[in-house]
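Next come the chains, spelled out residue by residue.
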Amino acid sequence: MHCQECGKRPATLHFTKIVNGEKTEFHICETCAREKGELIPGTSGGFSIHSLLSGLLDYTPGSHAHGTKAPENLRCEECGLTYSQFSKLGRFGCSSCYKYFNDRLDPLFKRVHGNTVHVGKVPKRVGGHIQIKRKLDDLRRELQYRIHQEEFEEAAALRDQIRELEKNISEE
């Protein structure tokens, strides 16, 4: 696919803009994107996913959560990667980095994905147990809501459903 602006170079950036409910897609090359000002915030002309992740980390020295080390002091003890290096690279040095940077990851995942728990599809063949656990979680949330709303008859019915599902899980 060629750039919709110049028609010469291959389109490497694909934008979807939604303005007042109207969706517009356009495909442009990096050169035209720079000229139009369609740059990814926080990047210096580059369009890599690592640069995008770096911008999402929103790393500012001195701003840190209660009880955690400042980002510049965080370091993976296995590979030696610092949080500052991670924020620039956009990728970890080893699997232990997840453990050492854990306090910083949950807010990032919430910003990027809207949640810290996977709620996507589960394969039917192997997901029976997972489906039941999800159903239980949903029923427990509904139960709490019904109790809060003082709808005790509905809450009792939900309690019974939960008990039945838990019994089925323990039998398997």
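Within any chain, residue numbers begin from 1 and follow the written order of that chain's sequence. In keeping with the model being predicted, local features are shown solely for residues with a pLDDT of at least 70 and side-chain atom pairs are shown and tallied solely at 80 or more, while totals for entire chains, interfaces and linings include all residues. Computation of side-chain values covers all heavy atoms of the structure but excludes hydrogens and water.

- By the naming in an unreviewed UniProt entry, the chain goes by Protein-arginine kinase activator protein and is assigned to Paenibacillus woosongensis.

### Concerning the packing of helix 6 (residues 128–148) against helix 7 (residues 152–171)
Turning to step 1, where the next piece is worked out: Axis separation between helix 6 and helix 7 bottoms out at 9 Å; the angle between their running directions is 160°. Judged on the interaxial angle alone, helix 7 and helix 6 are roughly antiparallel. Once helix 6 is placed against helix 7, the crossing between them reads as left-handed. Every residue of helix 7 that contacts helix 6 at His129, Ile132, Lys135, Leu136, Leu139, Arg140, Glu142, Leu143, Arg146 and Ile147 is listed here: Phe152, Glu154, Ala155, Leu158, Arg159, Gln161, Ile162, Leu165, Glu166 and Ile169.
Turning to step 2, where the next piece is worked out: Here the residues of the contact of helix 6 with helix 7 sort into 11 nonpolar, 2 polar and 7 charged. Note on method: axes are straight lines fitted to C-alpha atoms, helices fitted across the in-contact stretch only, with angles between N-to-C directions ranging 0 to 180 degrees. A run of H or I in DSSP becomes a helix once it reaches four residues, and a run of E becomes a strand once it reaches two; helices and strands are each numbered from the N terminus. Put simply, angles under 35 degrees are roughly parallel, angles over 145 are roughly antiparallel, angles from 65 to 115 are roughly perpendicular, and the rest are oblique. Should the near helix be turned anticlockwise from the far one by less than a right angle, the crossing is left-handed, and should it be turned clockwise, the crossing is right-handed. A contact between two residues is defined here by any heavy atoms of the two lying within 4.5 Å. In this classification, Asp, Glu, Lys and Arg are treated as charged, Ala, Val, Leu, Ile, Met, Phe, Trp, Tyr, Cys and Pro as nonpolar, and every other residue, Gly included, as polar.

### Comments concerning the environment of Val119
Turning to step 1, where the next piece is worked out: Relative to the helices and strands, Val119 resides in the loop between helix 5 (102–113) and helix 6.
Turning to step 2, where the next piece is worked out: Distance from Val119 to Arg134, taken between C-alpha atoms, is 8.9 Å for residues 15 residues apart in sequence.

### Thoughts on the pattern of salt bridges
Turning to step 1, where the next piece is worked out: Only one rule defines a salt bridge in this text: a Lys or Arg side-chain nitrogen within 4 Å of an Asp or Glu carboxyl oxygen. Tallied over the full model, the rule gives 7 salt bridges.
Turning to step 2, where the next piece is worked out: Among the ionic pairs, Glu25 bridges to Lys23, the shortest N-O distance being 3.5 Å.
Turning to step 3, where the next piece is worked out: Summary of the burial criterion: residues with accessible area below 20% of their type's maximum are buried, those above 50% are exposed, and those between are partly exposed, where the area comes from a 1.4 Å probe applied to protein chains only. Looking at Glu25, the relative accessible area reads 43%, which means it is partly exposed.
Turning to step 4, where the next piece is worked out: Put simply, Arg146 and Glu142 hold a salt bridge, and the shortest N to O gap is 2.7 Å. You can see Arg146 and its partner Glu142 sitting in helix 6, 4 residues apart, about one turn around the helix.
Turning to step 5, where the next piece is worked out: When its relative accessible area of 28% is taken as the criterion, Glu142 is described as partly exposed.
Turning to step 6, where the next piece is worked out: Because the salt bridges share partners, they merge into one network encompassing Asp137, Arg140 and Glu166.

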